Amino acid sequence: MFDLSVFVFVVAATACSQVKTDTEEIVRSVKTDTARIYGEQPKVVFPGKVKAASEVDLSFRAAGTISVIRVNVGAFVGKGDTLAGIDPRDYEIQLAATEAEYRQIRAEAERIVALYEKGSVTQNDYDKAVYGLKQIAAKYDAHKNALADTRLVAPFDGYVQKRFFVAGETVGAGMPVLSMIDAGAPEVEINIPSAEYIRRDRFESFSCEADVYPGRIFPLELIGITQKANMNQLYTVRLKMKGRDRQTPSPGMATMVTIRYRTEASELVRIPYTALFEINSASSVWVCNPDNSTVTARKVVVHELHADGTVVVSEGLKAGEIVVTAGVHSLGEGEKVKRLSPVSATNVGGLL
């Protein structure tokens, strides 16, 4: 005889079992890795070129025929040394005539001033004498300067780079005659992309290397960074070498410049490339929340791709955070996951 109570019990038990199965939460097992600081002190390297601290074209402020050029290309000259001269005859005659006129007017002016103090001449005569003296004095000074301008002198310690004229040629005022470069510490110029420009406040130190001096590192000091990009969307950085000796790279040489970032301010971390996926065309990763074992999508900025299968992230992650490295395309926001243990040397095939 069929026992109805037994049938009811079996059906109820089956129904309860079915509800539990339907509502059971699925937890995916995922591989993870830890974001690690990229190097002890992050750095970037750019090609650069050595330039003279100053390079100027020198010219006479007076016109005339070059009478002498005292230096050759490559010669070292000190500040104030006479480099060249133009024929001074016309300027000497001009100055001599003006000097004679100046002495005559000055003597007359002094006589009128003495008479004015005694009340023997009018105010008008006094004013004419005073202003006439000022006028001839200015003319006298101008002609003395013109004679002095027949000498071309070095504005700083340096080396003669070029000669544009030779003795006997006639030049106009302002026409370049010689070119000089500064003997002081040379400069190095590099161009950096916008990704580095926006992080310029984190630059800590600069140095360069040159192939002609293998094994030597030359410290640099920042002079300035242009505020506008050039046609190639690069920003020019000017650097100055600290000190100079016979082993310092010379203007025109190629160098490799290293920029180091402050370690404490760096956000560069390294993670496996497989952790990346895209959300709305933006690089992203799944970050594991250790408190509730869920994952959260977070946008990151990729700084570098490395051949060893890792990427360097400059924004979005901090050292020590856990990211999912496999199955990233099958996860959803807030989904619970179970982290797989890393494979050890005694568990080559996977989990036991």
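Model, not experiment: these values are computed from the prediction. (Residues numbered from 1 in each chain as written. Predicted model: local features only at pLDDT ≥ 70, side-chain atom pairs only at ≥ 80, totals over all residues. Heavy atoms only, no water.)

### Description of the overall build of the protein
What the protein contains, in helices and strands, is four helices and 25 strands. Within the protein, buried positions represent 32% of all 352 residues. For the protein, contacts bridging at least 24 residues in sequence account for 73% of all contacts bridging at least 6. In the structure as shown, the protein presents an accessible area of about 21700 Å², 52% of it carried by carbon and sulfur atoms. (Helix = DSSP H or I, 4+ residues; strand = E, 2+ residues; numbered from the N terminus. Buried < 20%, exposed > 50% of the residue type's maximum accessible area, 1.4 Å probe, protein only. Contact = heavy atoms within 4.5 Å. Areas by Shrake-Rupley, 256 points an atom, 1.4 Å probe, with all protein chains shown as cover.)

### What to know about a nonpolar patch on the surface
Together, Tyr273, Val302 and Leu305 line one region of the surface with nonpolar side chains, adding up to about 310 Å² of accessible area. As for its position among the elements, Val302 is in strand β22 (residues 301-305). Assessed through its relative accessible area of 30%, Val302 is described here as partly exposed. (Patch = residues over 30% accessible without salt bridge, like charges linked within 9 Å, V, L, I, M, F, W, Y side chains within 5 Å. Salt bridge = Lys/Arg side-chain N within 4 Å of Asp/Glu carboxyl O.)

### A short note on the side chain of Thr325
With respect to the helices, strands and loops of the structure, Thr325 is situated in the loop between β24 (322-324) and β25 (337-339). By relative accessible area, Thr325 is classed as buried at 11%. With residues up to four places along the chain from it excluded, the contact list for Thr325 reads Lys31, Thr32, Asp33, Pro272, Thr274 and Ala275.

### So, the sheet that holds strand β15 (residues 218-225)
If you trace the six strands once around the closed barrel, you get β4-β13-β16-β15-β14-β17, paired in antiparallel fashion. Sheet twist, expressed as the average angle between the axes of neighbouring strands with direction ignored, equals 40 degrees. Here β15 runs beside strand β16 (residues 235-241); their pairing, made up of five bridges, is antiparallel. Pairing of Glu221 across the sheet is with Lys240, part of β16. (Pairing = 2+ DSSP bridges. Axes fitted to C-alpha atoms, helices over the stretch in contact; angles between N-to-C directions.)

### A few points about unusual backbone geometry
In the Ramachandran plot, Gln233 falls in the positive-phi region, its phi being about 60 degrees despite a non-glycine side chain. Within the secondary structure, Gln233 is located in the loop between β15 and β16. With relative accessibility at 56%, the residue Gln233 sits in the exposed group. Of note in the backbone geometry, Asn280 takes a positive phi value of approximately 55 degrees without being a glycine. Judged by its relative accessible area of 71%, Asn280 is exposed.

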